[in-house]
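This is what each chain is made of:
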Amino acid sequence: MVSVSLCMIVRDEEQVLSRCLDSVREAVDEIVIVDTGSLDRTKEIAWKYTDRVFDFVWRDDFSAARNYAFSRASKEYCMWLDADDVLTPANVGKLLRLKENLQPEVDMVMMPYITAFDPDGSPAFSYFRERIVKNSLQFRFQGRVHEAIPRSGYVIFADIPVEHRKEKAQDGGRNLRIYRQMRAAGEPMDGRSLYYYGRELLTHGEYEEGIGILRDFLNRSDGWVENKIDATRQLARCFYGLGKEEEALEALLAGLKYDAPRGETCCDLGRHFLDRGKYRQAAYWYRQALEAEKMMDTGAFVQEECYGFLPAISLCVCYDRMGMRKEAEYYNELAGKYRPQSPYYLQNKEYFEREG
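Keep in mind that what you see is a predicted model, and the values were worked out from it rather than measured. (Residues numbered from 1 in each chain as written. Predicted model: local features only at pLDDT ≥ 70, side-chain atom pairs only at ≥ 80, totals over all residues. Heavy atoms only, no water.)

Draft legend 1. Just the packing of helix α6 (residues 191-203) against helix α7 (residues 207-218), in detail. In contact at an axis separation of 8 Å, α6 and α7 are set at 160 degrees when each is read in the N-to-C sense. With respect to α7, the element α6 is oriented roughly antiparallel. Two packed elements cross with a definite hand, and for α6 against α7 that hand is left-handed. For the pair formed by α6 and α7, the contact residues are Gly191, Leu194, Tyr195, Tyr197, Gly198, Arg199, Leu201 and Leu202 on the first element and Tyr207, Glu209, Gly210, Ile213, Leu214, Asp216 and Phe217 on the second. A per-class count over the contact of α6 with α7 returns 9 nonpolar, 3 polar and 3 charged. (Axes fitted to C-alpha atoms, helices over the stretch in contact; angles between N-to-C directions. Helix = DSSP H or I, 4+ residues; strand = E, 2+ residues; numbered from the N terminus. Parallel < 35°, antiparallel > 145°, perpendicular 65-115°, else oblique. Left-handed = near helix turned anticlockwise from the far one by under 90°. Contact = heavy atoms within 4.5 Å. Nonpolar A, V, L, I, M, F, W, Y, C, P; charged D, E, K, R; others polar.)

Okay, structure coming up:
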């Protein structure tokens, strides 16, 4: 069985740190906690689980902090988690079996990261992350914000989801502040940094600047294809924010040149036409969403509802407004199979029964 060091960076996480460590402690061989300036009981809690607790002076660089944690690891592999992450007991069992069977030539293990949940508790948003890597200088984080370890070596995918269960609000302006500091200091930005910078600008309603940054990213050659597909969607949202509907549509359509349409893009296109009363065109794109393949192993951001419930319930609306009752009822029932307790599905069902 291989040995694994759990490496974490923390700050003011007294609410969730025990929950995280309790969920995973039996599956790891060492716990390394790096504190970046807690003012609460975080370090006191950490000491209850490990004597490998270190301080690191925060300098607006997540990679620097995470790599410092990796440098303190002594086992064969490093695994990272955030304090508000958890593993279910079933997935801890899977992790233990992975350790038992992991071949020594494996360099990196990709695992699903579930960061949002539907009202019924099922995953709503997920993507694969590099979760376990060999303890080697070859595998280190890059990027001051939205840090990641570039894929390299022998990579495998393991169906062992990590659940991100946030309990407190984060500093919403932190990431944008760091990116702007980088720009002001003339620090070079790779494609990944530009992509996430553009997303941060969109989140903060800085649409004009966001358009410029996202266009810069799309024009670069070092952009990852999944990021480029998503960037066209973020670019469209910037244009919508400025009331530029035609430019938004053009941005969405530009995403189709990179690969087969993703369910997320199809739903965005469907929504564009639905909102403008073009139900036939909307229905076309929502049907495409139902047929789209979820590209989990590419690392794409997967919005689960775009491959089932959302296009189905939207098709119900489209066909109802086109006067095609039979088709509308069919798609409402399909939506109900995905979310049987959805108020939209139940209201539609009552509507169809009432109308006879």
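Read on for the rest.
Draft legend 2. Representation of the side chain of Ser314. Tracing the chain through its elements places Ser314 in helix α12 (residues 309-321). A distance of 2.8 Å separates the side chain of Ser314 from the backbone oxygen of Leu310, its partner in a polar contact. (Polar contact = N/O pair within 3.5 Å; in protein donor to acceptor, adjacent residues only side chain to side chain.)

Draft legend 3. Representation of the pairing of strand β2 (residues 30-35). Judged by how many residues are buried, β2 sits mostly within the fold: 6 of 6 residues are covered. Of the two faces of β2, the one carrying Glu30, Val32 and Val34 and the one carrying Ile31, Ile33 and Asp35 are both buried. Bridge count between strand β1 (residues 4-10) and β2: 6 bridges; the pairing is parallel. Note on β2: the bridge partner recorded for Ile9 is Val34. Handedness of the crossover joining β1 and β2 through helix α1 (residues 17-24) is recorded here as right-handed. (Buried < 20%, exposed > 50% of the residue type's maximum accessible area, 1.4 Å probe, protein only. Pairing = 2+ DSSP bridges. Right-handed = clockwise from strand over helix to strand, strands pointing away.)

Draft legend 4. Molecular detail of the layout of surface pockets. Taken as a whole, the second largest pocket holds about 540 Å³ of empty space. In terms of lining, the second largest pocket is formed by 26 residues, of which the most central are Phe309, Leu310, Ile313, Arg339 and Tyr344. Of all the secondary structure elements, the ones that give two or more residues to the lining of the second largest pocket are α8 (225-241), α10 (263-275), α12 and α14 (343-355). A total of 5 residues in the lining of the second largest pocket trace back to one element, the largest contributor, which is α12. (1 Å grid on protein atoms, 1.4 Å probe; cavity = no way out; pocket = protein on both sides within 12 Å on 5 of 7 lines; lining within 4 Å. Points joined across faces, edges and corners; volume = space filled by probe spheres on them.)

Draft legend 5. Structural detail: the pattern of salt bridges. On inspection of all chains with the given rule, the structure shows 28 salt bridges. In this structure, Arg144 engages Glu187 in a salt bridge whose closest nitrogen and oxygen atoms are separated by 2.6 Å. Taken as a pair, Arg144 in the loop between β7 (123-134) and β8 (155-157) and Glu187 in the loop between α5 (174-184) and α6 lie far apart in primary sequence, 43 residues in all. You can call Arg144 buried: its relative accessible area is 15%. The structure contains a network of salt bridges with shared partners spanning Arg199, Asp230, Arg233 and Asp268. (Salt bridge = Lys/Arg side-chain N within 4 Å of Asp/Glu carboxyl O.)

Nothing here speaks to function; it is geometry throughout.
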